[in-house]
Structure formats: structure tokens, C-alpha cells
Amino acid sequence: MDEHTHEHGHCRDLLGSLSDYVDGTLGELLCAELEEHLRGCSNCRVVVDTLRKTVELYHMEAEKEALPPTVRERLFSKLDLEDYLKSG
Amino acid sequence: MNDRLNFDIAALKAGDRSEFARLVEETSPKIYRLLLKMLGDEADAEDALQDAYLKALRSLPNFEERSSLSTWLYRIAVNEALMQIRKRKPQVALGEDNGDDSEDVPAPVELADFCCLPESELMSGEGKQQLNRAVQTLSPPLRAVFLLRDVEDLSVRETADALGVSEQVVKTRLLRARLKLRDELSAYWSERVAAQKVEGE
Ligand SMILES: [Zn+2]
């Protein structure tokens, strides 16, 4: 089996496709080429898996956060909107 | 807030106070969150939040419906954040990845496979702290692209609109940002991954 490293060769070439790959927007040909490479390269498999996980974790963390009440009050007062400051 | 934004634009442009109050009410939580992650500091984020809506209020009469209202608000907010960063740390804001939008992306360094760690650990208080810390290691231009695209869930097109750059630049910066965050998280979790492997043997 080929010896792949992240400094040289194919791994490096495929780096540019990884973002589209985890988004599922990579073209069919490049996708097939990348998946073929992934079968033989455990380093790239780890990079793809952890890249996907990274994006996923940030998505999960972005759950709806409320504006802190004091921040909201000061914003409304700065904008002269106190009249519209219903209890949040 | 992309497609769910439904405001009376004519009323907003005419200076309707109650419609503007509704806009602030519905959009400010997301804008604040973006600013907080952009600036990494609550006081700075609040300053930028107020300045962004003051600016929006002033510019509403000139709002041209070439982009959506939400993209327009994001653009104002990001500009406010970038201005704050330039004010606080002039030496950091310039240079540093700015304009480095070549396709030549740095290769991944860390190879700890943290996918195997339990979600409860990755998303613990400490885990979330690491997510926020890692975002702060990105240069401001990369941070802006990452937050709009992956946290606020804007499309590539909308992100490009909000930042006034091409879609290709968005894609290149997004790839760089994601790889950098991946490296940061992988480095942070590497000891835990190694420990878990030993436990499993
Ligand atoms: Zn490889």
C-alpha cells in the first residue's frame, strides 16, 4: 500500500476538498476520488471525522440563547425604545 | 433568522418606531451572540450591539433591498465588531491572514481522533469553553466567515453578501477556519483520547 503523509502527495491535494465534502457539496468525481483515498489513508480518515465533528459541535453549541435582560434593557434605552420594553 | 424575518420594510424605512422595536426584539439575541463570539468579551459585545443598532436605525432609510434585512444587519454587526478589534488591538487586526486567501491551506498537524470521546464530555462546560477559546485563535476575517456560516447558519451566498467578498473567498476562509479549529480541538483533547485508548485495552 502507498505510504501517505500529510506533508506530501495526495493527502495535501485533497485538503482543499474537505470542507465541501463534510458539507455534502463536493462534486461526484472529486468525491469518489477522496473516498477512494480515505479507504487507504487512516490519517485523512481521522482528519475528515474530526473535521465533521468540529462543525457538528459548533452547530450543537449554537442553541438559542436569550439576550441577558440587562443587556436588552440598556439596548432599548439607548435606542429610545423604552416604551416598547415589554417584560421579556 | 434568515427566512423567518418578516418585517414591514416600508414602515421601517419611514421610521415606524414600533416596527423597529419589533426588529430589535427579534434579531438582537442572534446579533448579540455573533458579537460575543466575534469579540470574546461581554462589555465589548454590548458596546458593539448598541452601535450596530444605532447605525442600522440611521441607515434604514437608505436600505436597498438587494440583500435581505438579516444579511444587512449581520453586515453592520460584523463591521462594528471588526472596528472594535481594530480599535483595541491595531497590531492584531492588520496583517494576520488578512488577504491570505490563497488555495494553499496549511496541512493538519494534530491527529487525535476525539470523535470517540463521549458527547457529554465534548459538550461539558469545559468542552464549550474550549469551543469558544478555539474561535478566538482565528484571525478576525476567518472568525467572521466561520461564525456566519457554521454558527449562524447563513449560506455561502449570504455570508459573501454580508462580508462583501466573493463566494470563493468565503469557501477558502471557511476551510482554513474549520481546519484550524479542528487542530485546536484535537490538540486539546489529545491526552483524553490517549487515556481512553489505554482504558479500552
Ligand atoms: Zn491521506
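Residues numbered from 1 in each chain as written. Chains lettered and ligands numbered in written order. Predicted model: local features only at pLDDT ≥ 70, side-chain atom pairs only at ≥ 80, totals over all residues. Heavy atoms only, no water.

> How would you explain the side chain of Thr27 of chain B if you had to name every residue and give the values?
Mapping Thr27 of chain B onto the fold places it in helix H2 (residues 17-39). The exposure class of Thr27 of chain B is buried, given its relative accessible area of 0%. (Helix = DSSP H or I, 4+ residues; strand = E, 2+ residues; numbered from the N terminus. Buried < 20%, exposed > 50% of the residue type's maximum accessible area, 1.4 Å probe, protein only.)

> Requested: an account of the state of the cysteines, with residues and values cited.
Applying the stated rule across the entire model yields zero disulfides over all chains. We note that Cys115 of chain B lacks a disulfide partner, and the nearest cysteine sulfur, in Cys116 of chain B, lies 7.3 Å from it. (Disulfide = S-S within 2.5 Å.)

> Any details on the domain arrangement of chain B? Residues and values, ideally.
Residue and element names in this part refer to chain B. Taken as a whole, chain B is organised into domain 1 (3-88) and domain 2 (119-200). Centre-to-centre separation of domain 1 and domain 2, based on C-alpha positions: 24 Å. Tallying the contact residues gives 14 residues for domain 1 and 15 residues for domain 2. At the boundary of domain 1 with domain 2, total buried surface from both sides reaches about 1300 Å², with 60% on carbon and sulfur atoms. It is Lys37, Met38 and Tyr74 that lose the most area in domain 1 upon contact with domain 2, and together they represent 40% of the buried surface on that side. Our enumeration of links across domain 1 and domain 2 arrives at two salt bridges. With a shortest N-O distance of 3.8 Å, Lys30 and Glu152 are connected by a salt bridge. Counting every contact that joins domain 1 to domain 2 gives six residue pairs in polar contact (both at pLDDT 80 or more). Broken down by secondary-structure element, the contributors of at least two residues to the side of domain 1 that touches domain 2 are H2 and helix H4 (69-88). (Domains from an automatic or database assignment. Contact = heavy atoms within 4.5 Å. Buried area = accessible area lost by both parts, 1.4 Å probe. Salt bridge = Lys/Arg side-chain N within 4 Å of Asp/Glu carboxyl O. Polar contact = N/O pair within 3.5 Å; in protein donor to acceptor, adjacent residues only side chain to side chain.)

> Quick rundown of the interface of chain A and chain B? Include the residues and the values.
Counting residues at the interface gives 40 residues for chain A, matched by 47 residues for chain B. When the two sides are added together, the surface that chain A and chain B hide from each other amounts to roughly 4200 Å², 65% of it contributed by carbon and sulfur. Sorting the residues of chain A by area buried against chain B places Tyr58, Glu61 and Leu79 of chain A first, and these three jointly supply 17% of that buried surface. The interface formed by chain A and chain B holds six salt bridges in total.

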